[in-house]
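# Understanding the architecture of this molecule
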Amino acid sequence: MKHLPKSHATLIDKQVFRFSKSGQGSPSIVLLAGAGGPLDSWHKLYPEIEQLGTVFAYDRPGVGGSAKPREPQYGETVVAQLRQLLLAGNVKPPFVVVGHSFGGLHANLFAREFADEVCGVLFLEATAPEDVTNMKRHQSRLQRAFVGFLDRLSPRDVNDEIRNEAETVKDILEAPAFPPVPVMVVSGGKRLPRWIMPEAAVRERERTQLGLAALSPLGERIVAEGSGHFPQMSEPQVVLEALKRLVTRSRNAVQG
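Rules used throughout
Along every chain, residues carry numbers that run from 1 in the direction the sequence is written. For a predicted model such as this one, the threshold for reporting local features is a pLDDT of at least 70, and the threshold for listing and counting side-chain atom pairs is 80 or more; totals across whole chains, interfaces and linings nevertheless cover every residue. For side-chain calculations, the full set of non-hydrogen atoms in the structure is used, while hydrogens and water are omitted. Only when DSSP finds a minimum of two bridges between them are two strands counted as paired. A run of DSSP states H or I qualifies as a helix once it reaches four residues; a run of E qualifies as a strand once it reaches two. Both are numbered from the N-terminal end. Geometry is summarised by axes, namely lines fitted to C-alpha atoms with helices restricted to the contacting stretch, and by angles between N-to-C directions that run from 0 to 180 degrees. The contact criterion used is simple: two residues touch if any of their non-hydrogen atoms lie within 4.5 Å. The length a helix should cover is 1.5 Å for every residue beyond the first. Here's how the labels work: a residue is buried when its accessible area is under 20% of the maximum for its type, exposed when over 50%, partly exposed in between, all with a 1.4 Å probe on protein chains only. The rule for a salt bridge is simple: a side-chain nitrogen of Lys or Arg has to be within 4 Å of a carboxyl oxygen of Asp or Glu. In this description, a nonpolar core means a group of buried Ala, Val, Leu, Ile, Met, Phe, Trp, Tyr and Cys residues linked to one another through side-chain atoms lying within 4.5 Å.

## Observations regarding the sheet that holds strand β1 (residues 7-12)
- Spatially, the 8 strands line up as an open sheet ordered β1-β2-β4-β3-β5-β6-β7-β8, and their pairing is mixed. Across the chains shown, the open sheet's two edge strands, defined by having one partner strand only, are β1 and β8 (219-224). For this sheet, the mean inter-axis angle between neighbouring strands, taken without regard to orientation, is 20°.
- Where strand β5 (residues 95-100) and strand β6 (residues 118-124) come together, 6 bridges link them in parallel fashion. Opposite G99, over in β6, you have F123 as the bridge partner.
- Each of β1, β2 (15-23), β3 (28-32), β4 (54-58) and β5 is contacted by helix α1 (residues 75-88), which is oriented at about 130° to β4, the strand it contacts most.

## Examining helix α6 (residues 199-213)
- The end-to-end C-alpha distance of α6, which contains 15 residues, comes to 22 Å, matching closely the 21 Å that a straight helix rising 1.5 Å per residue would cover.
- Buried residues of α6: A201, E204, R205, T208, Q209, L212 and A213, and no others.

## Describing the pattern of salt bridges
- Scanning the model with the defined rule gives 11 salt bridges in all.
- The salt bridge partner of D59 is R18, with a shortest N-O separation of 2.6 Å. Linking D59 in the loop between β4 and α1 with R18 in strand β2, this pair joins segments that are 41 residues apart in sequence.
- Between E161 and R60 there is a salt bridge, with the nearest N and O atoms lying 2.8 Å from each other. Remark: R60 occurs in the loop between β4 and α1 and E161 occurs in the loop between α4 (141-153) and α5 (165-174); sequence separation between them is 101 residues. Both residues of the pair, E161 and R60, count as buried.

## Observations concerning the nonpolar core
- Judged by nonpolar contacts, the single largest core of 36 residues is most densely connected at F56, Y58, L82, L86, F110, V121 and F123.
- Apart from residues lying up to four places away in sequence, F123 is in contact with G99, G104, A107, N108, F178, V183, M184, V185, V186, L212 and L215.
- Ranked by size, the runner-up nonpolar core spans 25 residues in total, among them A33, L122, M184 and V186.

## Quick notes on the environment of A177
- Among the secondary structure elements, A177 is positioned in the loop between α5 and β7 (183-188).
- Linking A177 and R112, residues 65 residues apart in sequence, is a C-alpha distance of 6.1 Å.

## So, unusual backbone geometry
- Between Y46 and the following residue, P47, the backbone shows a cis peptide bond with an omega angle of 0°.
- When you line up the elements, P47 lands in the loop between β3 and β4.
- P94 follows P93 through a cis peptide bond whose omega is 10°.
- Relative to the elements of secondary structure, P94 occurs in the loop between α1 and β5.
- The backbone phi angle of N90 is positive, close to 55°, even though this residue is not glycine.
- Mapping N90 onto the fold places it in the loop between α1 and β5.

Put into structure tokens, the structure is as follows:
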């Protein structure tokens, strides 16, 4: 495992959070992992990512070194906690927000709620709001049975963010418009077997990934051809290059 910065713990609203802060300068790059993903899941981007600015990563409630959630993890709750963490850690705007998978929903909402503080967004194999409802319609019977089996085997906490995903989508739909900041969408190019990802689901996923890029007139989408759902693990250099381009564009937009 590559070098990872030392992590710390802090208390926000009587909730313990683990976070790390490294690098220096502007912008501040905020890493939002997918559901259940700890801050260590970004390890292949270090130490190179630290050359791009200040880097902040953290464990959301119930993950890694952070305590279990004390309240339902609606999108509004998550981004409010994140903003308090950034203040507590003296992580200053402007922010480039990076959202992987389910963290893409939080990146989407954070950019809308704190538009004056966000200068760029990287959606990394990110969940779009439409994915939460539309993709389930394209699941095979085998997929639905498997998901149901896992849920019965290990039921999720009622406060868990996945349990409250519909509310998070509602929060995004009711939030202000997405700001006209530089956006980069990195999608994995590897195709899953048809029994896992039917053709209709592939087409729908392509549509929603393009939709994320279209959130901003400054949106761009690239495909990590050698990756599936975790480009930061399989092709970290592709992600770093995309982030470097986004940071440069964000700086130019701020200066302009």
